[in-house]
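# Structural characterization, general
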Amino acid sequence: MDEFALIRRLTERRTRTGAALPPLAVGIGDDAAVADWPSGSQIVMSCDTMVQEVHFKRVTMKDSDVGYKAMASNISDIAAMGAIPRYALLSLSAPKNVPVSRLDNLYEGLYECAEQFGVTVAGGDTTSTPGEIVLAVTIIGEIEQGRALVRSSARPGDAVFVTGYPGCSAAGLHYLLGRQQAADSIGELTQPYRFLVQAHQRPQPQVKAARMLLQSGFAGALNDVSDGVASEAAEIAEASGVGLLLEEGRLPVHPDLAEYARLASREPLDWILGGGEDYQLLGTVRPEGVNELAALFSRHGIPLAIVGEVSERFTGVRLLRRSGAIEPVDKRGYNHFDN
Ligand SMILES: Nc1ncnc2c1ncn2[C@@H]1O[C@H](COP(=O)(O)OP(=O)(O)OP(=O)(O)O)[C@@H](O)[C@H]1O
Ligand SMILES: Cc1ncc(C[n+]2csc(CCOP(=O)(O)O)c2C)c(N)n1
Ligand SMILES: [Mg+2]
Ligand SMILES: [Mg+2]
Ligand SMILES: [Mg+2]
């Protein structure tokens, strides 16, 4: 397999992308891609990387899941700004002797997620590596001028909300690591773990939820949950110079998470606060918008839970336990350079 043939093989499916995706004036095959940019909007840019053995192992993810999740985690950062994802650049490093079918599958997942969220692949880079597979995605999105939902706009009195069921991805990871069986050899999964495994392998970035929030006019701060609720809440608290009080009894626990945590003798709360890779949204909403937003999300079938409030009486994150006790929450969560 030569490098240029590999690039052609991995990117030829751009011709299969539908008219719904944003077009390129100059697409894959030149030194750089060229796109028209609408006036009155701002560009939103981010990148995130997936490294074999760090973000996935053969026992936790099929190659198509790796591709899907690499794209999904990037789209999630665009969603976390309230923006619309438009274009992606893919940088792939793989061992010289990697079976090309692995890369085909990786790209199958990448393009599946890109097409689901209306993202056009505008190009990338391909190299060999003496190490494991590394897949880096750069994502480019668009937002109405001056409307980005930043971490620093939480205000005292805001309600704190979360979408979906954080903790499920970490529980799914725990389950998959415990099985020690290649992910691509696992067939139809039996309940109750299917939901947890899906949450880990195929997270769904919350673009629609974030757009609804932005358009409602009630949004405060916004973050996506990549490192765990505790870490994301701490980032909002710090950037906004406020305190976030989370209520244990209001954090949504998916029934499958509760069930699996019981079997694994774990606390769901630990996975919710410190698990990560949920790619749900954690944010704040102005108090006068809570009821309207809850009704709107419910009409669209998007789970939304009010889990606490923003306070000016302290900084950082605190947890109101079911017992009534209030505890500081440390900024736990995944840290790449922890030993
Ligand atoms: N190596 C780097 N060089 C320059 N900027 C960086 C680098 N790494 C991160 N950043 C910037 O630091 C900020 C925080 O990045 P971080 O990766 O923690 O956020 P995130 O993508 O939301 O989290 P996660 O990686 O857990 O999904 C972003 O503005 C990002 O662009
Ligand atoms: C095999 C295996 N071991 C551990 C983990 C857990 N993990 C890895 S990176 C990360 C945070 C998000 O990454 P980033 O901050 O780079 O976006 C988490 C929770 C995993 N997914 N697979
Ligand atoms: Mg990042
Ligand atoms: Mg983020
Ligand atoms: Mg990220």
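- As annotated in an unreviewed UniProt entry, the protein carries the name Thiamine-monophosphate kinase and is attributed to Paenibacillus residui.
- The Pathway (unreviewed entry) comment attached to the protein in UniProt states, word for word, "Cofactor biosynthesis; thiamine diphosphate biosynthesis; thiamine diphosphate from thiamine phosphate: step 1/1."
- Listed under Sequence similarities (unreviewed entry) in UniProt, the entry text for the protein is "Belongs to the thiamine-monophosphate kinase family."

## Notes on helix α8 (residues 255-263)
- The set of residues buried in α8 consists of Asp256, Leu257, Tyr260 and Ala261. Burial along α8 is one-sided: seen end-on, the buried residues are contained in an arc of 130°. Among the exposed residues of α8, those oriented more than 90 degrees off its buried face are Pro255, Arg262 and Leu263.
- On its buried face, α8 sits against α4 (168-179), α5 (193-201) and α9 (268-274).

## Notes on the sheet that holds strand β4 (residues 134-144)
- On the basis of which strands lie adjacent, the open sheet formed by four strands has the order β1-β4-β2-β3 and mixed pairing. If you trace the sheet from one side to the other, it starts and ends with β1 (41-51) and β3 (120-128), each paired once. With strand direction ignored, the average angle separating the axes of adjacent strands in the sheet is 15°.
- By the bridge criterion, 11 bridges tie β1 to β4 in an arrangement that is antiparallel. Within the sheet, the bridge partner assigned to Asp48 lies in β4 and is Val137.
- Relative to the sheet, helix α2 (residues 63-79) contacts β1, β2 (84-94) and β4, its axis offset from that of β1 by approximately 145°.

## Description of the packing of α2 against helix α3 (residues 100-116)
- Following both chains from N to C, one finds α2 and α3 inclined at 40°, their axes separated by 6 Å at the closest point. It follows from the interaxial angle that α2 and α3 lie oblique. Crossing of α2 against α3: the hand is right-handed. Contacts between α2 and α3 involve Asp63, Ser64, Asp65, Val66, Gly67, Tyr68, Ala70, Met71 and Ala72 from the first element and Arg102, Asn105, Leu106, Tyr107, Glu108, Gly109, Leu110, Glu112, Cys113 and Ala114 from the second.

Conventions used here
- Residues numbered from 1 in each chain as written.
- Chains lettered and ligands numbered in written order.
- Predicted model: local features only at pLDDT ≥ 70, side-chain atom pairs only at ≥ 80, totals over all residues.
- UniProt positions renumbered as here; feature names shortened; annotations may be inferred.
- Buried ≥ 20, exposed ≤ 12 C-beta atoms within 10 Å, placed from the backbone.
- Helix = DSSP H or I, 4+ residues; strand = E, 2+ residues; numbered from the N terminus.
- Arc of directions from axis to C-beta.
- Contact = placed C-beta atoms within 7 Å.
- Pairing = 2+ DSSP bridges.
- Axes fitted to C-alpha atoms, helices over the stretch in contact; angles between N-to-C directions.
- Parallel < 35°, antiparallel > 145°, perpendicular 65-115°, else oblique.
- Left-handed = near helix turned anticlockwise from the far one by under 90°.

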